[in-house]
Amino acid sequence: MNGLYLTDRARRLWATLALTLCTVVFGLPLLVLLLASFAGHWDALWPSSPTWANLRGVLASAEERAALWHSVATAGAATVCALVLGAWGALAGRRLGRRTRICVDTLFVLPITVPSVTVGLALLVTFSRPPLLWNGTVSLVVLTHVALVASYAYANAKAGLERLPAHLEEMAASLGGSPWFVLRKVTLALLMPHLLAGAALGFALSMGELGATIMLYPPGWATAPVEIFSLSDRGSVFSAAALSLALLAATATALVALERWAASRRH
Amino acid sequence: MSSVGIESPATESPIVTPAKEGENERPPRIAVRGLGVSYGTQRVLEAIDLEVFPGEVVVLLGRSGSGKSTLLRAIAGFVTAESGSIVLGGRDLTRAPPHARGLGLVVQNYALFPHMRVEENVAFGLRARRRSRADTMAAVTRFLDLVGMGAYRQRYPRELSGGQQQRVALARALAIEPDALLLDEPLSALDAPLRAEMIEELRRLHERLPDIAVVHVTHDQSEAMALADRIVLLHEGRIVAQGSPRALYDRPPNARTARFFGQANLLPVTILQGAERPAHTDAGGSAWSPVCIAGQTLLAATTTSSPTNGRALLCVRASEFRLARPSGAAGDGSDGGARMNVLQGRVRSVHWLGATQRLLVDLGEATIRAELPERTTVPRPGETIALEFAPEGAVLLAEE
């Protein structure tokens, strides 16, 4: 592992430097956000006068509770769709020729290589003229999220399929398993950890998605990130911070629940 | 048990040697006729005819790329037959998907389902058939006990050794009570001692399930000899020979077969015609033909596929040779069946192999490899010696 030959002293020095940088760049802003969400005042360098009022205010506001619910619902629906689509694509991809397969790969990867604002705008303009009049609907928001996270589900499913031990599906078929039986009991069962990893990643990304959503969310379906953006835009930094914290908690809770469910299925 | 089937454009259709008397009266469990398989433009199996009867162990033997595994995979339904037919248990299943074929398959890397316990693995085929839970559990117990893995039903495959995994794979294949058991290099992943043990295990298993038909694919000739009622030798997608192991060993129908089994010397000889010593059939019904190599005359056993004139190959196993007694003269045919062939040559090298001594003896036109018992007085390199061997141990084969 030690490809570089540094003295212990030099090693310690570099490690300290790297750690400090990471703390300042990644850790500190989150810490400040945490402080801000509990702050009554922010006059000096640090937010001050700790209070529950911000968080209580967010949870009491129907608008912001709804935003949280919209995020969870959108992310949940998008994740399920993306999972089905990604697994299907990966499974079908095995039977395709090399060229078609490259096309499928590209299709799945395209939405995440393009800026999310662009994806949002593209979907908006595409679905705002008859007969494809779909803008201003919740479904279009979900569809956008599916497009943005299906890539992760697909990539994970594909990696899982490549690691599937050789001959298992043949063996299952030879033992009398119909294609559907083999798919459920062997292929998907073995793919499950990979699918769940893809689902977790997709869900977390969807919960935080702003760029595309802000382009096309219908009135009455503002998601938590959209709400956070408009709160901070209006200058309510403490409320925005508190809502961020709530969003973080909701995401974490959902992922822990997913992990628990997966573990319970395994035993 | 001595007739041998061979297949080549030059001879008639193969003669199948059934393993046990009377088995031809029962319909074959597997009947492959005129099977052809291609991968892309490459023809990997050509005009394969194969029948496997209940209770018979047929070993498909060949080097890698010979088509033996493809033949097994075609029977199992993973490879599409381009021509010909596959009849299993009396039903034409040439186009049937694998799950409709009812065959038990065991492969080299075991292919146990890693996310299922041993008992779930064995139950898989029965669950796919929607058997009742009670039936399934009874079968699981029965077949796990049969392979001696009853104590491991709650384990996961990763907690088992290779040999144990292979036993579970066998139990899983047997649990569906298949028409035939297909074994694809089942012992190749095991080390030598374990392999020997599993060969014994397979033999015992077969004694306990006397009715099952087995197709066993291997590249290992000793494994084939130990297990087969009948060996089918494949080369470049065709059946080169088939027959009982002893028949193929003692009377190989062609040079390729001779080379595959044991250490055969294939000596270029000329068949002597007419005046000198004509070919003849002795009282016992064996046919003999005089041949000549490096000016020395020998007597060779012939089979229906032996050539009758011109150049030929004489197949003599390395273990057939003995040092001729110094006073012994070359057999001149005057003492009937007891006569021995004698070959003189110069010793090129001697290697001690433990149980035997290996000699390379130069005849001028060819080099003989001879394995002599360890206790013989060993000649030195450079010495001229006489080696003797029985005509029964020398088979006349066509040149390739």
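Residues numbered from 1 in each chain as written. Chains lettered and ligands numbered in written order. Predicted model: local features only at pLDDT ≥ 70, side-chain atom pairs only at ≥ 80, totals over all residues.

Re the overall build of chain B
Defined as follows: Numbering of helices and strands runs from the N terminus, with a helix taken as a DSSP run of H or I at least four residues long and a strand as a DSSP run of E at least two residues long. To assign burial, the other C-beta atoms lying within 10 Å of each residue's own C-beta are counted, with C-beta atoms placed from the backbone; 20 or more indicates buried, 12 or fewer indicates exposed, and intermediate counts indicate partly exposed. This entry defines residue contacts through backbone-placed C-beta atoms, with two residues in contact when those atoms are within 7 Å.
Across its full length, chain B holds eight helices and 22 strands. Within chain B, buried positions represent 43% of all 400 residues. Taking the intrachain contacts of chain B between residues at least 6 apart in sequence as the baseline, contacts between residues at least 24 apart amount to 66%.

Considerations on the domain arrangement of chain B
Residue and element names in this part refer to chain B. Heads up, the rule is: Boundaries of every domain are those given by an automatic assignment or by a domain database. Polarity classes work like this: nonpolar for Ala, Val, Leu, Ile, Met, Phe, Trp, Tyr, Cys and Pro, charged for Asp, Glu, Lys and Arg, and polar for all others, with Gly in that last group.
Its domain assignment divides chain B into domain 1 (5–103 + 178–255) and domain 2 (263–397). Opposite the seven residues of domain 1 that make contact, domain 2 presents seven residues. Per-class residue counts for the side of domain 1 that touches domain 2 are four nonpolar, two polar and one charged.

Focus: the domain arrangement of chain A
Residues and elements named next belong to chain A. Once the domains are mapped, chain A shows domain 1 (8–50) and domain 2 (61–266). Just the C-alpha atoms count here: the centres of domain 1 and domain 2 sit 32 Å apart. Opposite the five residues of domain 1 that make contact, domain 2 presents six residues. Counting residues per element, the side of domain 1 that touches domain 2 draws most heavily on helix H1 (residues 8–37), at four residues. Grouping the amino acids of the side of domain 1 that touches domain 2 by side-chain chemistry returns four nonpolar, one polar and no charged.

Re the pairing of strand S15 (residues 296–302) of chain B
All names here are of chain B. The condition is simple: One requirement defines pairing of two strands: DSSP has to find at least two bridges between them.
With five of its seven residues buried, S15 lies for the most part within the structure. The pairing of strand S14 (residues 287–293) with S15 spans seven bridges and is antiparallel. Note that in S15 the partner of Trp-288 across the bridge is Ala-301. Between S14 and S15, which pair antiparallel in sequence order, lie two residues; one of them, Ala-294, sits at a positive phi of approximately 45°.

Quick look at the interface of chain A and chain B
Across the contact, 17 residues belong to chain A and 18 residues belong to chain B. Elements with a minimum of two residues in the side of chain A that touches chain B: helix H7 (168–174) and helix H8 (179–207) of chain A. Looking at the side of chain A that touches chain B, the element that brings in the most residues is H7 of chain A, giving six residues. Here the residues of the side of chain A that touches chain B are counted per class, giving 11 nonpolar, five polar and one charged.

Points about unusual backbone geometry
Residue and element names in this part refer to chain B. Phi angles above zero are rare outside glycine, and Glu-177 is one such case at about 45°. One can find Glu-177 in the loop between helix H4 (162–175) and strand S8 (180–184). Exposure remark for Glu-177: the 14 C-beta atoms within 10 Å place this residue in the partly exposed category. The phi angle at Ala-294 is positive, at roughly 45°, despite the residue not being glycine. The residue Ala-294 is located in the loop between S14 and S15 in this model. By the C-beta count within 10 Å, which is 15 here, Ala-294 ends up partly exposed.

Here we look at helix H1 (residues 68–76) of chain B
The buried fraction of H1 of chain B amounts to nine of the nine residues, a majority that puts the element mostly inside the structure. Directly after H1 of chain B, the chain includes Gly-77 of chain B, whose backbone phi takes a positive value near 100°.

A look at the confidence of the model for chain B
Reading predicted coordinates in detail is not appropriate for stretches of low pLDDT. Residues and elements named next belong to chain B. Defined as follows: A residue's pLDDT is the predictor's confidence in that residue, given on a scale from 0 to 100.
The predicted model of chain B has a mean per-residue pLDDT of 85, with 87% of residues at 70 or higher. Across residues 1–23, where pLDDT falls below 50, the model places 54 contacts with residues more than four positions away in sequence or in other chains. In this model, residues 328–337 is a region of pLDDT below 50 whose contacts with residues beyond four sequence positions or in other chains number eight contacts. Complex prediction metrics read pTM 0.79 and ipTM 0.78.

Topic: the sheet that holds strand S19 (residues 356–362) of chain B
Hydrogen bonds between backbone atoms are what pair the strands of a sheet, whose relative direction is either parallel or antiparallel. All names here are of chain B. An order of S17-S21-S18-S19-S20 is seen for the five strands of this open sheet, with the pairing classed as antiparallel. Every other strand in the sheet has two partners, leaving strand S17 (322–323) and strand S20 (367–373) as the edge strands with one partner each. Sheet analysis places strand S18 (residues 341–352) next to S19, joined by six bridges and oriented antiparallel. Bridged to Val-347 within S19 is Val-361.

A closer look at the nonpolar core
Heads up, the condition is: Residues of type Ala, Val, Leu, Ile, Met, Phe, Trp, Tyr and Cys that are buried and joined through C-beta atoms within 7 Å form what is called a nonpolar core.
Grouped together as the largest cluster of nonpolar side chains are 163 residues, with contacts concentrated most on Ile-75 and Leu-314 of chain B. Residue contributions to this core peak at 12 residues, all from helix H6 (residues 138–163) of chain A. Here Leu-314 of chain B is in contact with Leu-267, Val-269, Val-291, Ile-293, Ala-300, Ala-394 and Leu-396 of chain B, once residues within four sequence places are set aside.

Considerations on H4 of chain B
All names here are of chain B. In plain terms, the rule: One less than the number of residues in a helix, times 1.5 Å, gives the span that helix is expected to have.
Helix length check: H4, at 14 residues, gives a terminal C-alpha distance of 20 Å against a target of 20 Å (1.5 Å per residue), a fit within 8%. Among the residues of H4, Gln-165, Gln-166, Arg-167, Val-168, Ala-169, Leu-170, Ala-171, Arg-172, Ala-173, Leu-174 and Ala-175 are the ones counted as buried. Where the residues of H4 are buried, they touch strand S7 (104–107), helix H2 (118–128), helix H3 (133–146), S8 and helix H5 (192–208). Glu-177 lies just past H4 and shows a positive phi near 45°.

What to know about the environment of Leu-182 of chain B
Residue and element names in this part refer to chain B. Within the secondary structure, Leu-182 sits in strand S8. Taking the C-beta count within 10 Å as the criterion, Leu-182 has 26 such neighbours and is therefore assigned buried. Taking the C-alpha atoms as reference points, Leu-182 and His-216, separated by 34 residues in sequence, lie 6.0 Å from one another. Sequence-distant contacts of Leu-182, that is, excluding residues within four places in its chain, are made with Leu-72, Ile-75, Ala-76, Leu-103, Gly-104, Leu-105 and Val-215.

Quick notes on the environment of Ala-196 of chain B
All names here are of chain B. Within the secondary structure layout, Ala-196 lies in helix H5. Given 15 C-beta atoms within a 10 Å radius, Ala-196 is considered partly exposed. In the structure, Ala-196 is positioned 61 residues away from Thr-257 in sequence and 24 Å away in space, judged by C-alpha atoms.

Concerning the sheet that holds strand S2 (residues 30–39) of chain B
Residue and element names in this part refer to chain B. Taken in spatial order, the four strands of this open sheet run S3-S2-S5-S6, and their pairing is antiparallel. A strand with exactly one partner marks an edge of an open sheet, and here the two such strands are strand S3 (42–52) and strand S6 (91–92). Of the pairings in the sheet, the one linking S2 to strand S5 (residues 83–88) comprises five bridges and is antiparallel in character. When the bridges of S5 are listed, Ala-31 appears paired with Val-87.

Considerations on the pairing of strand S4 (residues 57–61) of chain B
All names here are of chain B. Summarising burial for S4: five of the five residues are buried, a large majority. A two-sided burial pattern is seen for S4, the buried positions comprising Val-57, Val-59 and Leu-61 on one face and Val-58 and Leu-60 on the other. The sheet contact formed by S4 and strand S9 (residues 213–218) spans five bridges and is parallel. Paired with Leu-61 across the bridge in S9 is Thr-218. Summarising the sheet, S4 and strand S10 (residues 230–235) pair through four bridges and their orientation is parallel.

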